[in-house]
Amino acid sequence: MTQAQAPDQAAKSEVLGEWMTEYGNRLTLMARRTTGYASIWLTHLGKPAKIGSAAHAGGVLREVRWEEPWREQTDEWKNQQRRHIASLIATWYAEGHEPPRPAALSSTAIGTFDCFGFRFAVEPTAASEHAVLSVINVAGTLTPVADLLHDQGRICGMSTRPGWKSTPDDRKRTWRHEAEAILTRAAQQGRL
């Protein structure tokens, strides 16, 4: 996509790429620049059929969901397709986006940290023992990923929000450790 295109054209679906499976099926990945989703299509007898979707953020594939009966494919087959999809999304993102600029910190956030290529913010809520962990996108918008229960900064419990429950445990441990450090500092400074 070029910069000269009209804004309404930016929302049109683009073909990110096509590839052949080992069984001779042609798959196509399509996405729109304004969303974090892509669709996976199979061409069978000259007709396209949607067989799955992929969620992505910042050029990183987060999740692939398969439609029935494609959920029944082997894990090896799914992993092969996932590698193709991840590669196409990363390339597409790199070609069509400027490097992310640091987002402005929300006035309600008490601290931020970087983890695995994403920037997160911790925000206290009206309840003194509750805080929200959010991911910050390049526009500075906060998207909640987890609720934190704490006692003067020491985290007693963390519950991930829908869409983030499949986050690997090592990342969740990092989230918890970093958020606890921010909350503890804020409690010591009387900001909670």
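Attention in this report is confined to the structure presented alongside it.

The rules we used
- Residues numbered from 1 in each chain as written.
- Predicted model: local features only at pLDDT ≥ 70, side-chain atom pairs only at ≥ 80, totals over all residues.
- Heavy atoms only, no water.
- Helix = DSSP H or I, 4+ residues; strand = E, 2+ residues; numbered from the N terminus.
- Contact = heavy atoms within 4.5 Å.
- Areas by Shrake-Rupley, 256 points an atom, 1.4 Å probe, with all protein chains shown as cover.
- Phe/Tyr/Trp six-rings, centres within 6.5 Å; stacked < 30°, edge-to-face > 60°.
- 1 Å grid on protein atoms, 1.4 Å probe; cavity = no way out; pocket = protein on both sides within 12 Å on 5 of 7 lines; lining within 4 Å.
- Points joined across faces, edges and corners; volume = space filled by probe spheres on them.
- Nonpolar A, V, L, I, M, F, W, Y, C, P; charged D, E, K, R; others polar.
- Pairing = 2+ DSSP bridges.
- Axes fitted to C-alpha atoms, helices over the stretch in contact; angles between N-to-C directions.

### Considerations on the overall build of the chain
Within the chain, the secondary structure is distributed over two helices and 10 strands. In the chain, the order of α-helices and β-strands from amino to carboxyl end is β-β-β-β-β-α-β-β-β-β-β-α. Long-range pairs, those at least 24 residues apart, make up 32% of the contacts in the chain between residues at least 6 apart in sequence. Summing over all exposed atoms, the chain offers an accessible surface of approximately 11600 Å²; the carbon and sulfur share of this is 51%.

### Details of the packing of aromatic side chains
For the coordinates displayed, the defined rule picks out five aromatic pairs. Seen in terms of ring centroids, Trp66 and Trp77 are 5.1 Å apart; in terms of plane orientation they differ by 55 degrees. Their pairing is tilted. With a gap of 11 residues between them, Trp66 in strand β5 (residues 60-66) and Trp77 in helix α1 (residues 75-96) connect regions that are remote in the sequence. Both rings, one in Trp70 and one in Trp77, keep their centres 5.8 Å apart while their planes meet at 25 degrees; by these two values the pair is stacked.

### Some remarks on empty space enclosed by the protein
Counted according to the given criterion, the structure contains one cavity of 30 Å³ or more. Along the walls of the largest cavity sit Arg62, Cys115, Phe116, Phe118, Phe120, Trp164, Thr167, Arg171 and Trp175, which together make up its complete lining. Residue assignment for the lining of the largest cavity shows that the elements contributing at least two residues are β7 (118-124) and α2 (169-188). For the lining of the largest cavity, the class distribution of residues is six nonpolar, one polar and two charged.

### Considerations on the sheet that holds strand β2 (residues 26-31)
With antiparallel pairing, the five strands of this open sheet are ordered in space as β1-β2-β3-β4-β5. Only two strands of the sheet have a single partner each, and these edge strands are β1 (14-20) and β5. Recorded for the sheet is a direction-independent mean angle of 25 degrees between the axes of neighbouring strands. Against the sheet, α1 touches β1, β2, β3 (37-44), β4 (47-57) and β5, its axis set at about 140 degrees to β5.

### A look at the sheet that holds strand β8 (residues 130-136)
Taken together, the five strands give an open sheet; going across it, the order is β6-β7-β8-β9-β10, and neighbouring strands pair in antiparallel fashion. Both edges of this open sheet fall to β6 (111-115) and β10 (154-160), since each of them pairs with a single strand only. Taken over all neighbouring pairs, the strand axes of this sheet differ in orientation by 30 degrees on average, direction set aside. By the bridge criterion, six bridges tie strand β9 (residues 142-151) to β10 in an arrangement that is antiparallel. Residue pairing across strands places Asp147 opposite Ser159, the latter belonging to β10.

Limitation: the analysis is restricted to geometry and does not speak to function.
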